[in-house]
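Single-letter residue listing:
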Amino acid sequence: MESTKEKYYSRTAVLVYLFVIITAIFFFNEYKNILSDSMSEYLEYALYISMISWNLSLIIDKRKK
């Protein structure tokens, strides 16, 4: 039971959750335009950074095994 619990709270899983949240905010902002232009730009950068972090974490986890 603990092994499945660890999978949901691992570094990669947390980064995937963060990526999903940022992506949802990004797409909601694209349709409703709730944020200013400068905030939208920061949100886009956060989207890219979270995607890169998630992929790097996944690569590191796979190399450990």
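An account of the accompanying structure is given in this report. The structure displayed is predicted, hence computed values, not measured ones. (Residues numbered from 1 in each chain as written. Predicted model: local features only at pLDDT ≥ 70, side-chain atom pairs only at ≥ 80, totals over all residues. Heavy atoms only, no water.)

On the secondary structure map, threonine 12 appears in helix H2 (residues 11-32). At 2.7 Å, the side chain of threonine 12 forms a polar contact with the side chain of serine 57. (Helix = DSSP H or I, 4+ residues; strand = E, 2+ residues; numbered from the N terminus. Polar contact = N/O pair within 3.5 Å; in protein donor to acceptor, adjacent residues only side chain to side chain.)

To continue, consider the environment of isoleucine 59. Note on placement: isoleucine 59 falls in helix H3 (residues 37-64). The partly exposed category is assigned to isoleucine 59, whose relative accessible area is 44%. Put simply, isoleucine 59 and isoleucine 22 are 37 residues apart on the chain and 21 Å apart in space, counted from C-alpha to C-alpha. (Buried < 20%, exposed > 50% of the residue type's maximum accessible area, 1.4 Å probe, protein only.)

Functional significance is not addressed by these values, which are geometric in nature.
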